[in-house]
Amino acid sequence: MSGNKTSREELPDSDPEDSSEELTEVVCLESDLKDGQMMEVEVGNHSVLLTRSEGRYSAIGHQCTHYGAPLSKGFISGNTVRCPWHGACFNIHTGDLEEYPGMDCLPCHKVKIQNKKVYVSINKKTLRQEKRVKSMGALIPGVNQTVLLLGGGAASLICAETLRQEHFGGRIIMVTRDELLPYDKTRLSKVMNVQSDSILLRRMEFYHQYDIEVWLRKEAVSLDTDKKTVTFDEGLVQSYDQLLISTGCRAKALDVPGTKLDNIKMLETPEDARQIHAACLGHNVTLVGTSFVGMEVASYLINKASSITLIGSSELPYQNTLGREVGKVTMTMLSEKNLKFYMNDNVTEIKGVDGKVKEVVLKSGKVIPADVLIVCIGIKANSEFLRSSNIQLDQNNFVTVDKHMRTNIPSVYCGGDLATFPLAMAKNRMVNIGHWQMAQAHGRIAALNMLDKQTELNSVPFYWTVLLGKTIRYAGYGEGYTDIVIKGKFEDKKFLGLYMKNDEVIAAVSLNYDPALSAVAERFAAGKVITREEAESDDLSWLQVPRSTRSAPLNTSSLEC
């Protein structure tokens with residue numbers, strides 16, 4: 001705790017719950033915390049999140065299991081605390097993960113009230129444990145069911161883990177064309193010299209322990225839903241009882257003369273990221289695309305490349321996603337670092353010398369010198385192998401599913417970037433949202449429904465982008481918004497934007513305004529309308545979490561990226 005730290009006081013020896021296996025200390029007075037409040041406290045120099053809800057005190061790990069955010073700076077609502085950085089949710093009584101993008105649960109500690117003092121006990125054996133894998137089963141001999149997971153991303157991994165958490169005892173096979181086990185793909189455009197081993201979501205030992213088979217470097221080429229079989233590129237045919245299709249998307253290439261030249265890069269894998277990092281050091285870089293990936297790559301290359309030029313097809317970055325207002329702010333942020341923008345323009349030709357990129361010609365007639373050209377212009381669905389099957393695809397070749405993640409074919413599910421699904425908070429409008437947290441939610445919902453545990457998708461989209469070390473957060477679904485209500489100031493790079501439609505808030509964006517976005521996301525998740533009157537009011541109390549005045553300072557050992 002900060003400032004007025006409580007003096008440490010051990011539980012009296014006569015207390016029947018005292019044990020040599022536990023470290024127990026008084027952390028505060030009973031009156032220090034009111035219902036709906038939380039604070040970070042210390043037990044043996046180990047930080048813990050102490051909460052109170054409906055008169056009940058609970059103590060859990062204090063750092064989000066995703067990237068280590070201090071949960072005391074987040075938002076508490078009912079029995080849930082939501083991370084201030086990326087929106088992961090945890091049950092305050094059990095520490096269980098309730099919403100992604102976290103992977104693991106939090107440790108949970110004993111709390112006792114005695115003589116109007118609050119005591120917290122931590123098991124000494126798990127004193128340094130910051131996360132906890134939820135209890136999982138394994139393969140059970142004699143269970144002859146097979147779940148086949150196509151794709152090695154977030155949806156497949158969470159589907160596999162959920163199946164084992166729910167004690168499915170059959171065979172689980174995850175198949176990916178990647179050379180790596182499932183990894184954190186959100187890191188690739190933020191830390192491009194990343195080592196593959198550092199971003200693995202689980203180690204091979206984990207898959208062995210829980211009997212999850214992982215087949216690397218295999219790609220599905222056809223699906224027969226009548227025979228319930230998938231054929232792979234080397235001729236192997238695998239049968240299934242339940243199938244999850246989560247093969248995702250790939251980067252879209254330019255279709256102009258000159259694309260066969262060397263030093264034209266696209267970002268899909270850790271190896272791509274490392275190659276881009278190495279190729280750009282000290283060189284003139286031109287980058288096509290000014291949405292999430294393109295802008296993050298440009299930001300990363302500042303102080304590494306000799307020059308950086310961005311080409312965008314719209315007037316402003318993020319114009320079709322975050323809107324004009326945010327686009328202006330981000331364009332200014334990067335322009336102040338001497339990045340050049342050519343907007344409302346397109347590449348018409350790439351010219352080279354000795355087989356390497358030398359110039360990029362634009363529709364406007366401008367010619368831009370370039371040693372490296374990075375293409376970030378969108379995605380294409382990895383669904384070619386489905387076109388001869390009975391699986392229903394939409395006009396963009398994404399797979400259509402219902403709110404249970406079911407396709408039009410029994411026993412076949414789809415999740416992740418490849419899925420077009422009904423979004424509950426948008427009145428079940430069919431959407432395609434290619435973001436990490438939503439893919440994880442898809443995997444969980446698919447797994448539960450495979451096991452006949454009827455569960456609908458109700459997650460609120462929550463994603464983020466990092467520019468110049470600053471994180472812009474977004475929650476909700478803002479397509480079709482009519483105007484934005486602003487709290488704070490864009491020019492100060494500290495703001496909350498509330499996207500309005502029909503006098504209701506449908507999405508929100510923030511920069512340096514925590515934990516406001518988590519508060520908005522929690523309102524969306526609860527199905528509570530945020531009216532225009534509330535959004536425009538000067539009273540922002542609904543955005544703030546009530547905290548004890550004795551809460552601890554931010555733990556600066558956790559850095560967001």
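Cut-offs applied
- Residues numbered from 1 in each chain as written.
- Predicted model: local features only at pLDDT ≥ 70, side-chain atom pairs only at ≥ 80, totals over all residues.
- Heavy atoms only, no water.
- Helix = DSSP H or I, 4+ residues; strand = E, 2+ residues; numbered from the N terminus.
- Rg over C-alpha atoms; globule rule 2.2 N^0.38 Å.
- Buried < 20%, exposed > 50% of the residue type's maximum accessible area, 1.4 Å probe, protein only.
- Areas by Shrake-Rupley, 256 points an atom, 1.4 Å probe, with all protein chains shown as cover.
- Lys, Arg positive; Asp, Glu negative; His and termini not counted.
- Charge placed at Lys NZ, Arg CZ, Asp CG, Glu CD.
- Pairing = 2+ DSSP bridges.
- Axes fitted to C-alpha atoms, helices over the stretch in contact; angles between N-to-C directions.
- Phe/Tyr/Trp six-rings, centres within 6.5 Å; stacked < 30°, edge-to-face > 60°.
- Lys NZ or Arg CZ within 6 Å of the ring centre and 35° of its normal.
- UniProt positions renumbered as here; feature names shortened; annotations may be inferred.
- pLDDT = per-residue confidence, 0-100.
- Contact = heavy atoms within 4.5 Å.
- Salt bridge = Lys/Arg side-chain N within 4 Å of Asp/Glu carboxyl O.
- Left-handed = near helix turned anticlockwise from the far one by under 90°.
- Nonpolar A, V, L, I, M, F, W, Y, C, P; charged D, E, K, R; others polar.

Scanning the protein from terminus to terminus reveals 8 helices and 36 strands. Computed over the C-alpha atoms, the radius of gyration of the protein is 25 Å, within 12% of the 24 Å expected from 2.2 N^0.38 for a compact globule of 561 residues. The principal-axis extent of the C-alpha atoms belonging to the protein is close to 80 × 65 × 45 Å. Residues counted as buried form 55% of the 561 residues belonging to the protein. Accessible area of the protein: about 24,000 Å², with a carbon and sulfur share of 44%. For the protein, the separation between the mean place of its 64 positive charges and that of its 69 negative charges on side chains is 2 Å.

Moving on: unusual backbone geometry. Cis geometry marks the peptide bond from D514 to P515; its omega dihedral reads 0°. By the element assignment, P515 lies in the loop between strand 36 (504-511) and helix 7 (516-525). Unusually for a residue other than glycine, N115 sits at a positive phi of about 55°. Position of N115 among the secondary structure elements: in the loop between strand 9 (108-114) and strand 10 (117-123). We note that R217 has phi near 55°; this positive angle belongs to a residue other than glycine. Relative to the helices and strands, R217 resides in the loop between strand 13 (212-215) and strand 14 (220-224). When its relative accessible area of 53% is taken as the criterion, R217 is described as exposed.

With that settled, the discussion passes to the sheet that holds strand 4 (residues 56-61). Each strand in a sheet pairs with its neighbour through backbone hydrogen bonds, running either in the same direction (parallel) or in the opposite one (antiparallel). Spatially, 1-10-9-4-3-2 is the arrangement adopted by the 6 strands of the open sheet, whose pairing is antiparallel. The two strands at the open ends of the sheet, each matched to only one other strand, are strand 1 (22-29) and strand 2 (37-43). On average, each strand axis in the sheet is tilted by 30° relative to the strand beside it, whichever way the strands run. Direction of pairing for strand 3 (residues 46-53) relative to strand 4: antiparallel, over a ladder of 6 bridges. From the neighbouring strand, V48 faces strand 4, where its bridge partner is G61.

Quick look at the packing of aromatic side chains now. Using the criterion set out here, one finds 9 aromatic pairs in the structure. When the centroid spacing of 5.4 Å and the interplanar angle of 85° are considered together, the rings of F292 and Y463 count as edge-to-face. On the criterion of sequence distance, the pair formed by F292 in helix 4 (residues 292-301) and Y463 in strand 32 (residues 462-467) is long-range, its members being 171 residues apart. Of the two residues, F292 and Y463, both sit in the buried class. Through pairs of rings, three or more aromatic residues link up here, namely F292, Y318, Y463, Y474, Y481 and Y499. Sitting over the ring of F206, R202 keeps its end group 4.6 Å from the ring centre.

Moving on to the pairing of strand 4. The buried fraction of strand 4 amounts to 5 of the 6 residues, a majority that puts the element mostly inside the structure. What sits between strand 3 and strand 4 in their antiparallel hairpin is a turn of 2 residues, with E54 showing a positive phi close to 50°. Where strand 4 meets strand 9, 2 bridges bridge the pair, whose relative direction is antiparallel. Of the residues in strand 9, the one forming a bridge with A59 is H109.

In this structure's numbering, the residues bearing the UniProt feature "domain: Rieske" (unreviewed entry) are residues 25-120. Helix and strand shares over residues 25-120 are 0% and 51% respectively, and the end C-alpha atoms of the span are 6 Å apart.

Bringing the confidence of the model for the protein into the picture now. For the protein, the average pLDDT comes to 92, and 93% of its residues sit at 70 or higher. Across residues 551-559, where pLDDT falls below 50, the model places 20 contacts with residues more than four positions away in sequence or in other chains.

Time to look at the side chain of T146. Residue position: T146 is located in strand 11 (residues 146-150). If near-sequence neighbours (up to four positions away) are discounted, T146 is found in contact with R171, I173, Q238, S239, Y240, D241 and Q242.

In the structure shown here, the tally under the stated rule is 25 salt bridges. As a salt-bridge pair, R202 and D104 come within 2.8 Å of each other at their nearest N and O atoms. With R202 in the loop between strand 12 (171-175) and helix 2 (204-209) and D104 in the loop between strand 8 (97-99) and strand 9, this pair connects stretches of sequence that are 98 residues apart. Residue class for D104 comes out buried when judged on its relative accessible area of 7%.

Turning next to the sheet that holds strand 17 (residues 242-245). An order of 13-12-11-17-29 is seen for the 5 strands of this open sheet, with the pairing classed as parallel. Looking at which strands have only one partner, the edges of the open sheet turn out to be strand 13 and strand 29 (412-414). Each adjacent strand pair in this sheet contributes to an overall mean axis angle of 20°, direction not counted. As paired strands, strand 17 and strand 29 are joined by 3 bridges and run parallel to one another. Paired with I245 across the two strands is C414, which belongs to strand 29. Along the sheet, helix 1 (residues 154-165) makes contact with strand 11, strand 12, strand 13 and strand 17, crossing strand 12 at roughly 170°.

On to the packing of helix 1 against helix 6 (residues 436-450). Their axes nearest at 7 Å, the elements helix 1 and helix 6 cross at an angle of 40°. In this structure, helix 1 meets helix 6 at a crossing whose hand is right-handed. Residue-level inspection shows A154, A155, I158, C159, T162 and L163 of helix 1 in contact with helix 6, the latter providing W436, A439, Q440, G443, R444, A447, L448 and M450. When the residues that make up the contact of helix 1 with helix 6 are grouped by side-chain class, the tally is 10 nonpolar, 3 polar and 1 charged.

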